[in-house]
Amino acid sequence: MDDISTQSYIGDIMLENCLMNASGCNCQFLSDLIQLDKSNSGAVVSKSCSVNNRLGNPIPRYYHNDTLSINSMGLPNEGYKYYIEAGDSIHKPYIMSISSQALYEDISILEKASSSNISAIELNVSCPNIAGDPQLSYSFDRLEEFLRKVFEYADYNKHIGIKLSPYFDISHFNMAFDILNMFKTNITFLTCINGIGNGLYIDLDKEEPIIKPKNGLGGLGGSIVKPTGLANVNLFANNTNFDIVGCGGITSGQDAFEYILCGAKTVQVGTQLVKEGTDVFSRIDSELKKIMYDKNYNSIECFRNKLTYK
Ligand code: RRO
């Protein structure tokens, strides 16, 4: 299996393998980012940041079981300067995630990030957990206006990707394609999907929600969201020319294979990283290589976006 490679690219950024963490999972602190750097992930992604540090929502604010995770973290982070400086400690591609709120407050973060050791920016327009702040990705007029503001700002030189919410209705997909395709020279990649917003999970014994913020509402991840993630990846891969980063319920080499078959160039691991720690990357990479070996594929380009339809 030595001649089988899971190497991939985001724009011209080469990743030794196609796996990385999902923003938000084990990536808030420098110690987390260094652990990811030492792991067998192909890249490191930071927690989404705001201008200043935030403690986030009250606890309990995260729960997982065999099939799902639910979180209402509320954007706890150390502020953007911390994640720019963290880049100096990372030796593989480093993607800094920035919340849209941060750029509304201070667009010059893009310029500051540009003169640093980061490889790309993932703009998070899809956080489901900030009370009173609707997800930009679901407010199409505001999304267009936001992207215009970002891309009219000329002082940046990094690859930019957009992390999207899951869409469910074809008319909404079409609106998202139209808006994102307006910025086809500015955007390098799309990350599909953030959590499915505002789920509710009940603690049966206590007869109350399992997490506290927002009366128990939180973003869903884990295996239950994989079909939604695959559909979003496949539709964005077939209706835009951006590189697609798949995310949502990836626990195994088979999951990674399915996402790549649907059009993803790289994949992010969230809930399963929280459960298993950074050893997850070597395990999924070797499971993916085994599937590729059995199917006689020696690179991910042999099967990427080659889903066939009946
Ligand atoms: O911190 C969070 O509550 C959070 C964010 Br910013 C996000 O983008 N997605 C998510 O599930 N949680």
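These figures come from a predicted structure and were not determined experimentally.

Engineer: Residue-level account of helix α1 (residues 30-38), with values.
Structural biologist: Those residues of α1 not exposed but buried are D32, L33, L36 and D37. In an axial view of α1, the angular spread of the buried residues amounts to 140 degrees, which keeps them on one side of the axis. Pointing more than 90 degrees away from the buried face of α1 are the exposed residues S31 and K38. Buried residues in α1 make contact with β3 (19-21), β4 (44-45), α2 (80-86), β7 (94-99), α9 (271-276) and α10 (280-294).

Engineer: Report on the pattern of salt bridges, specifying residues and quantitative values.
Structural biologist: According to the stated counting rule, one finds 10 salt bridges in the structure shown. Salt-bridge contacts for E144 lead to R148; the nearest nitrogen and oxygen are separated by 2.8 Å. In this pair, E144 and R148 are both assigned in helix α5 (residues 140-152), four residues apart and thus about one turn of the helix distant. The exposure class of R148 is partly exposed, given its relative accessible area of 35%. Across the salt bridge formed by D285 and K289, the nearest N and O atoms sit 3.1 Å from each other. Of the two residues, D285 and K289 are both situated in helix α10; the distance of four residues between them amounts to about one turn of the helix. Taking relative accessible area as the criterion, D285 reaches 11% and is therefore assigned buried. The network of salt bridges with shared partners includes K226, D255 and E258.

Engineer: Kindly report on the sheet that holds β4, identifying the contributing residues and their values.
Structural biologist: With respect to topology, eight strands assemble into an open sheet ordered β3-β16-β15-β10-β9-β8-β7-β4, the strand pairing being parallel. Each of the sheet's edge strands pairs with one partner strand only, and the pair in question is β3 and β4. Inspection of the sheet shows β7 paired to strand β8 (residues 120-124) by five bridges, in the parallel sense. Bridge assignment links M96 to a residue of β8, and that residue is I121.

Engineer: Can you lay out the environment of D106 for me, pointing to particular residues and giving the numbers?
Structural biologist: Its place among the elements puts D106 in the loop between α3 (100-105) and α4 (109-114). Taking the C-alpha atoms as reference points, D106 and E85, 21 residues apart in sequence, are found 18 Å from one another. Sequence-distant contacts of D106, defined by excluding residues within four places in its chain, comprise V51, Y80 and K112.

Rules of the game
- Residues numbered from 1 in each chain as written.
- Predicted model: local features only at pLDDT ≥ 70, side-chain atom pairs only at ≥ 80, totals over all residues.
- Heavy atoms only, no water.
- Buried < 20%, exposed > 50% of the residue type's maximum accessible area, 1.4 Å probe, protein only.
- Helix = DSSP H or I, 4+ residues; strand = E, 2+ residues; numbered from the N terminus.
- Arc of directions from axis to C-beta.
- Contact = heavy atoms within 4.5 Å.
- Salt bridge = Lys/Arg side-chain N within 4 Å of Asp/Glu carboxyl O.
- Pairing = 2+ DSSP bridges.

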